[in-house]
Amino acid sequence: MQHILSAQQFKSQAEINDIMTMATLFKNNTDYSSINTRLANKIVATVFFEPSTRTRLSFETAVLRLGGKVISCENAQTNTSAAKGETIEDTARVLAGYADLMIIRHPEKNSVARAASVSDIPVINAGDGIGEHPTQGLLDIFTIIERFGSIDNLTLTFVGDLKNGRTLHSTIQLAALYDSVTINLVSPASLTLPAELITKLTAQGCIINQLQTWDSCLAATDVLYMTRIQKERFTDIRQYNQVKNHYILTNELANKMKYSSIIMHPLPRVNEIEPEVDTNHRAYYFEQGKNGVYLRMALLTMLLNPLESINITLLDKQKVSVLS
Ligand code: NCD
């Protein structure tokens, strides 16, 4: 594993199990003094051409917890030489001479893969436009497994902007690696999941239901994954205004779901989950956000300290089985 660019690079449950095991260990270990040299002498560059709260700061937290150092550029669209017309490839070539790993968020689909193609250090895609957000996908899977033990036989309902929501593009592909997964796709007709993803999920054996309303599927749902309508992707604000209030989760609706179900959201939310839902026992989105740190600690260890990560995973698998 050199770069993390797309959920497509993970071909089986086994490939992501080690990541999940290590993330579980980091979550269960609150004694950071025992791990704060794992990235000693490593420098990680975080370069974000689009806004971010969780992804950038949880990555940076993860680096610091592991004893590494960060060089960071937020507002990279205006604060790097991109503003002068430098290509993403040239920026990546230069950063590869400074850091040991780079994490990039960029508004153009496939742009992070272009950066990786010229980089001799690992590159992590922290969101490429409407493409993918694979580390969010992995932390979503970690969160579901933490709550349910597996994804096998679960019913996942994705709601909102399925066309432009890069997080769920990754999450859905990873969920499809599990057995007997039912996926409900609830969106306005103009914001359906890209056809190539539907074809792929169907080929992988998922049961797919495409819906425009959610009333009929809430009762059977184990995981309700809400998303923000991605306003910044609309060229015509009138089209955004037509869909912006389509799905608003209230406690009345949430309580129609199974008692054991959970509500997820990659965040930020705008108005799609009413604040009253935050105290519903199903609300899991802030725990999900916190899990980003542990999952990213695991990924950074695997990419920057692979030999140690093999040892940790082998040794600590036994501890995880004792803990669970
Ligand atoms: C998302 C993103 O940037 O794609 N946020 C995140 O990384 N957790 C979701 C969004 O902006 O709606």
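Nothing here was measured: the structure is a model prediction, and the numbers come from that model. (Residues numbered from 1 in each chain as written. Predicted model: local features only at pLDDT ≥ 70, side-chain atom pairs only at ≥ 80, totals over all residues. Heavy atoms only, no water.)

### Comments concerning the overall build of the protein
For clarity, the cut-off: Starting at the N terminus, helices and strands are each numbered in turn, a helix being any DSSP run of H or I of at least four residues and a strand any DSSP run of E of at least two. This radius of gyration counts C-alpha atoms alone. The globule rule is 2.2 Å times how many residues there are, raised to the power 0.38. Buried means the residue's accessible area, taken with a 1.4 Å probe over protein chains only, is under 20% of the maximum for its type, while exposed means over 50%, and partly exposed covers the values in between. The contact rule is simple, with two residues in contact once any of their heavy atoms fall within 4.5 Å. Accessible surface area values rest on a Shrake-Rupley calculation with a 1.4 Å probe, where residue burial reflects the displayed protein chains alone.
The number of helices and strands found in the protein is 12 helices and nine strands. Relative to the 2.2 N^0.38 estimate, which gives 20 Å for 324 residues, the radius of gyration of the protein is 19 Å and therefore close to what a compact globule would have. Seen through its C-alpha atoms, the protein measures out along the principal axes to roughly 55 × 55 × 40 Å. Counting over 324 residues, the protein shows a buried share of 54%. Restricting to contacts in the protein with at least 6 residues of sequence separation, those with at least 24 account for 75%. Carbon and sulfur atoms form 51% of the exposed surface of the protein, whose accessible area is close to 14,000 Å².

### A few points about the site of the ligand
The test is simple: We call a residue near a molecule or strand as soon as one heavy atom of that residue lies within 4 Å of the molecule or strand. Any pair of N or O atoms that falls within 3.5 Å is considered a polar contact. Within protein, one atom must be able to donate a hydrogen and the other to accept it, and sequence-neighbouring residues count only if both atoms are side-chain atoms. Each residue gets one of three labels, nonpolar for Ala, Val, Leu, Ile, Met, Phe, Trp, Tyr, Cys and Pro, charged for Asp, Glu, Lys and Arg, and polar for the others, Gly among them.
Near the ligand the following residues occur: T55, R105, H133, Q136, R166, T167, R228, Q230, P266, L267 and P268. For the ligand, a nitrogen atom lies 3.0 Å from a polar atom in the backbone of L267. Across the complex, the protein chains shield 93% of the 320 Å² of accessible surface that the ligand would expose by itself. Of the residues assigned to the shell around the ligand, the class counts are three nonpolar, five polar and three charged.

### Considerations on the side chain of E132
To be explicit about the condition: We treat Lys and Arg as the positive residues and Asp and Glu as the negative residues; His and chain ends play no part in the count. By definition here, a salt bridge exists when the distance from a side-chain nitrogen of Lys or Arg to a carboxyl oxygen of Asp or Glu is within 4 Å.
For E132, the position within the fold is in the loop between β4 (123-128) and α6 (134-148). Here E132 occupies a buried position and makes no salt bridge, while the nearest side chain of opposite charge, K200, is found at 6.7 Å. Of the polar contacts made by the side chain of E132, one reaches the side chain of S6; its length is 2.7 Å. Here Q173 takes part through its side chain, which lies 3.2 Å from a polar atom of the side chain of E132. Residues in contact with E132, not counting those within four places in the same chain, are L5, S6, A7, Q8, N125, G127, R166, H169, S170 and Q173.

### A word on the packing of aromatic side chains
What counts is decided by this rule: The rule is short: rings of Phe, Tyr and Trp, with Trp giving its six-membered ring, pair when the centres are within 6.5 Å, and they are stacked under 30 degrees, edge-to-face over 60, tilted in between. Think of it as a cone above the ring: NZ of Lys or CZ of Arg counts as a charge over the ring if it is within 6 Å of the ring centre and within 35 degrees of the ring normal.
All chains considered together, the criterion is met by four aromatic pairs. With 5.1 Å between their ring centres and 40° between their planes, F158 and Y225 make a pair best called tilted. Taken together, the positions of F158 in strand β5 (residues 155-159) and Y225 in strand β8 (residues 223-226) put the pair 67 residues apart, joining distant regions of the chain. Exposure class is identical for F158 and Y225. Each is buried. R65 extends its terminal NZ or CZ atom over the ring of Y32, reaching a point 4.0 Å from the ring centre. Sitting over the face of the ring of F59, R296 holds its NZ or CZ atom 4.8 Å from the ring centroid.

### Points about unusual backbone geometry
Cis peptide bonds are those with omega within 30 degrees of zero, and the linkage from L267 to P268 qualifies with 10°. Mapped onto the elements of the fold, P268 is located in the loop between β9 (262-264) and α11 (285-304). One non-glycine residue, N110, lies in positive phi territory at about 70°. For N110, a relative accessible area of 46% puts it in the partly exposed group.

### Regarding the sheet that holds strand β3 (residues 101-106)
We apply this condition: DSSP-based pairing: two strands are paired if at least 2 bridges between them are found. Convention adopted: a line fitted to C-alpha atoms gives each axis, helices being fitted over their contacting stretch, and angles between N-to-C directions are expressed from 0 to 180 degrees.
Across the sheet, which stays open at both edges, the four strands sit in the order β2-β1-β3-β4 with parallel pairing between neighbours. A single partner strand is all that each edge strand has here, and the edge strands are β2 (69-73) and β4. Geometrically, the sheet is characterised by an average inter-axis angle of 15° between neighbouring strands, direction not taken into account. Two elements, strand β1 (residues 43-48) and β2, share five bridges in a ladder whose sense is parallel. Counterpart to A45 in the pairing with β2 is I71.

### Comments concerning the sheet that holds strand β7 (residues 207-211)
Here five strands make up an open sheet; going across it, the order is β7-β6-β5-β8-β9 and the pairing parallel. Because the sheet does not close on itself, it has two edges, and the strands there are β7 and β9. Averaged over all pairs of adjacent strands, the angle between strand axes in this sheet comes to 15°, irrespective of strand direction. In this structure, strand β6 (residues 182-186) lies alongside β7, joined through five bridges in parallel fashion. Looking at the pairing, T182 lines up with I207 of β7. Contacting β5, β6 and β8, helix α7 (residues 166-175) crosses the sheet at an angle of about 165° to β5.

### Remarks on the packing of helix α1 (residues 13-28) against α6
Helix packing geometry: the angle between the two helix axes and the distance between the axes. Test applied: An angle below 35 degrees is treated as roughly parallel, one above 145 as roughly antiparallel, one from 65 to 115 as roughly perpendicular, and anything else as oblique.
Packing of α1 against α6 brings their axes to within 10 Å, and their N-to-C directions diverge by 70°. Taken as axis vectors, α1 and α6 run roughly perpendicular relative to one another. The residues of α6 that touch α1, namely those facing I16, I19, M20, A23, T24 and K27, are L138, I141, F142, I145 and E146. Considered class by class, the residues forming the contact of α1 with α6 number eight nonpolar, one polar and two charged.

### So, the pattern of salt bridges
In total, this model carries 14 salt bridges according to the counting rule given. Put simply, E232 and R228 hold a salt bridge, and the shortest N to O gap is 2.8 Å. What makes E232 partly exposed here is its relative accessible area of 45%. In this structure, K290 engages E287 in a salt bridge whose closest nitrogen and oxygen atoms are separated by 3.8 Å. With a gap of three residues between them, K290 and E287 both fall in helix α11, about one helical turn apart.

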